[in-house]
Protein chains: 2
Amino acid sequence: MSITDDVIDAARRARVAGRDLALATRATKDQALHSMADALLARESDVLAANADDVSRAEDGGTPANIIDRLRLTPERIAGMAQGLRDVAGLPDPVGEVVRGGVLANGLELREVRVPFGVVGMIYEARPNVTADAAGICLKSGNAVLLRGSSSARSSNAAIVDVLRGAVTTVGLPADVVQLVPGDTHESVKALMRARGHVDVLIPRGGASLIQSVVEESTVPVIETGVGNCHVYVDAAADLDKALAIVVNAKTHRTSVCNAAESLLVHESVAEAFLPRVVAALQEAGVTLHGDQAFGAYDGVVAATDEDWATEYLSLDIAARVVPDLDTALEHIRRWSSQHSDAIVTEDQAAARRFVAEVDSAGVLVNASTRFTDGGEFGFGAEIGISTQKLHARGPMGLTEMTSTKYVVIGDGHVR
Amino acid sequence: MSITDDVIDAARRARVAGRDLALATRATKDQALHSMADALLARESDVLAANADDVSRAEDGGTPANIIDRLRLTPERIAGMAQGLRDVAGLPDPVGEVVRGGVLANGLELREVRVPFGVVGMIYEARPNVTADAAGICLKSGNAVLLRGSSSARSSNAAIVDVLRGAVTTVGLPADVVQLVPGDTHESVKALMRARGHVDVLIPRGGASLIQSVVEESTVPVIETGVGNCHVYVDAAADLDKALAIVVNAKTHRTSVCNAAESLLVHESVAEAFLPRVVAALQEAGVTLHGDQAFGAYDGVVAATDEDWATEYLSLDIAARVVPDLDTALEHIRRWSSQHSDAIVTEDQAAARRFVAEVDSAGVLVNASTRFTDGGEFGFGAEIGISTQKLHARGPMGLTEMTSTKYVVIGDGHVR
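Along each chain, numbering runs from 1 in the same order as the chain's sequence is written. Both sets of labels track the order of writing: A upward for chains, 1 upward for ligands. Totals for whole chains, interfaces and linings use all residues, but because this is a predicted model, local features are given only for residues with pLDDT of at least 70 and pairs of side-chain atoms are given and counted only at 80 or more. Only heavy atoms go into the side-chain values, all of them from the structure, while hydrogens and water stay out.

The name given to chain A in an unreviewed UniProt entry is Gamma-glutamyl phosphate reductase, with the source organism recorded as Nocardioides immobilis. As recorded by UniProt, the Catalytic activity (unreviewed entry) comment attached to chain A reads in full: "L-glutamate 5-semialdehyde + phosphate + NADP(+) = L-glutamyl 5-phosphate + NADPH + H(+)". UniProt positions are given in the numbering used here, feature names are shortened, and annotations may be inferred rather than shown by experiment. Listed under Subcellular location (unreviewed entry) in UniProt, the entry text for chain A is "Cytoplasm".

A. Main features of the sheet that holds strand β4 (residues 144-148) of chain B. Residue and element names in this part refer to chain B. When DSSP finds two or more bridges between a pair of strands, those strands are recorded as paired. For the purposes of this entry, the term helix denotes a DSSP run of H or I that reaches at least four residues, the term strand denotes a run of E that reaches at least two, and both are numbered from the N terminus. Here we have four strands laid out as an open sheet, ordered β5-β4-β3-β6, and parallel in their pairing. With partners counted over all chains shown, the strands left at the sheet margins are β5 (178-180) and β6 (201-205), one partner each. Recorded for the sheet is a direction-independent mean angle of 20 degrees between the axes of neighbouring strands. Sheet topology places β4 next to β5; three bridges connect them, and they run parallel. When the bridges of β5 are listed, V145 appears paired with V178. Note on contacts: a residue pair qualifies if any of its non-hydrogen atoms lie within 4.5 Å across the two residues. Fitted lines through C-alpha atoms serve as axes, helices being fitted only where they are in contact, and the angles separating the N-to-C directions of these axes extend from 0 to 180 degrees. On top of the sheet, helix α1 (residues 3-23) reaches β3 (119-124), β4 and β5; it is set at about 145 degrees to β4, its chief contact. The sheet contacts of helix α9 (residues 208-217) involve β3 and β6, and relative to β6 the element is tilted by about 160 degrees.

B. Seen up close, the pattern of salt bridges. Residue and element names in this part refer to chain B. Only one rule defines a salt bridge in this text: a Lys or Arg side-chain nitrogen within 4 Å of an Asp or Glu carboxyl oxygen. Under the defined criterion, the tally for this structure stands at 56 salt bridges over all chains. Residues K140 and D30 are paired through a salt bridge, measuring 2.8 Å at the closest nitrogen-oxygen approach. You can see K140 sitting in helix α6 (residues 129-140) and its partner D30 sitting in helix α2 (residues 26-42), a full 110 residues away along the chain. Across this residue pair, the class does not change: K140 and D30 are buried. A salt bridge links D69 to R77; its shortest N-O distance comes to 3.7 Å. Note on classification: 1.4 Å probe, protein chains only; a residue is buried when its accessible area is under 20% of the maximum for its type, exposed when over 50%, partly exposed between these limits.

C. A look at the relation of the copies chain A and chain B. When the copies are overlaid, the least-squares fit takes in C-alpha atoms only where the residue has pLDDT of at least 70 in both copies. In the superposition of chain A on chain B (RMSD 0.0 Å, axial shift 0.0 Å), the rotation amounts to 180 degrees. Taken together, the rotation angle and the small translation identify this as a two-fold axis. Of the C-alpha atoms belonging to chain A, the one lying closest to the rotation axis is found on H392(A), 1.7 Å away. In this assembly the copies share their binding face: 100% of the residues contributing to the interface of chain A also contribute to that of chain B.

Written out as structure tokens, the structure reads:
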């Protein structure tokens, strides 16, 4: 059999297993999640041994230390994965929820009801903990999952999936609700992307180039996640203390995440008061500013090019520009934002109202750090990614976003 | 400029015009819709003259009479288009609706708010009335629209769009919220399908081959619509009078539509009582049955092949099979249904419950005709198509389904 056949075959098995899972009660699914958590802890040494293989292979290949850190599992990280699964068990079951319903004029009862997608494909990079997180969220939302992690984590992922598959069978669910995508080559990813009809939705999680290639090559419907060129705009009517705290937090709280700020816009009427403070505070936190002419007047500020306005640094760098008015700020954001999260700092109700109305991003924030666009912060309890597309789901995706709906129509011999 | 450049240019103008439309109040949009209706009536003769060109070209080309009938406009059909626009004006505005919201533990106010997609592309066949319907629904939902009808209706569509563009400008909206896709070749359709980033969503409406080609070639996210291989299953516990009425209605009420029944399954325990009645009633209505061995015992029934189980006839034909039990009926539907609409006729609560749980179709009906899966019947007021995909929208799509959402987060200097 070719790799393509193997992948289609795995998807077929996922389809069959998914049918049982779609009909499973919440009680069974929660038992499965706790059983998965228990098994991860019980088989910690197996998982750590497999992970040690991946880490030593990465070290031999000269992988940078920060990537190896993301790859490495520890007893604490495994405990974190187990706790994540228990947290998902504690969340409400989205399946079966009646989204809307009523009785039509002719007496027909109409209900729109949440149902699982069926088979979900996940393509992701590095961190092996995503394997357990994604398996847990998919299981709770009633979806069979095909997992395709990066080849650098293949031993870890195989060990984790082996543990999870064993665990789900202890509550009577088929092991095939959680599967690794067979094969380790681009061919197998390609087969997954072309498995339209066998796979209902594909979720890529990782860097911009991974997501771009999935979006372009996939015939399976894709939910795009996670590229964030996020802006903070400090308005003429900003409280500059709040502005300073928000800019520093949005840039430096965690730099490698998609909701970190990458660009700072400052209204010229507050530039004189705000620029010295924000430049000093950012530089003290180790940030390199890539500034326009106004920012360029400060020591250590690098001259910005158009490329800076477009860049998702994911590092201690920020592009910075002084704008003459709110219109220019909105225009800048329209042109350069990746439509993930953009914030305004202002005490002016009219400015806030315009910003909220005109900025077309998944998260639009007023007087709050862009870091708040997050499933955990939003109270979703679990997050499989942050969608930056407009179809189906936008912003943080929790269990609800991992479902579709169907219409149930109950009559008593009704005809048209 | 190449056709591709022309299409991208049109999409860019749609993007700019769409921004004004996204911010327009309901009052302005409803005025625009009434103005569009008024203008269609006032310029009826221009539209009829353009349509006469299309009809005579079609006649010269030897187009079948039923296709020409779909293409032909009359004063009544134009009045119907105008009334359709006024009906959309009467519907609530989906834009700005707060889907969910609350205050987070840290005091942040969080609201998920409905927003337009931005730019919608429509690719559709024959009937020129779709041009006005789609323009109205897109305008009300705040979306600029790029319309690509069939070349057989090009004069009619150009005349209608010219009228509508003039009408929207009378209320101060930009004409470019409604545009025909430039060009008349496959190249221009292809450019539309590849305009990712410029076009937010593409909705193909038409036959299976049109939809299939859009789904496969498009890099713009697609909402699949309208292929319906719909089933009626007459259960062991069916009320046979209700079953007869439902089967005849679902098959013959209107044959050319996607929610018409194409397959009939009958439980063997009621076959002896039901088959003579249903065969006679369907044949009296002019239906040709394509039956299995049990149905084949009746005069005039043609032997069915696997191809019949898979076929969306859209004509006075139905595939018919006797099944030994509910499991076999479910298995048959799983294998052959296009997951549009499938119905069970039964008085048995357990059978109905299993059917509703296990049939994974956009519409699942109990004791009701498949013909009820329809935006009008569901009370949506307007319908742009019936989605048979699981992402974003499933089943009839009204104004709500033509929107995305964004998260608005209001703080007072909040940082993480």
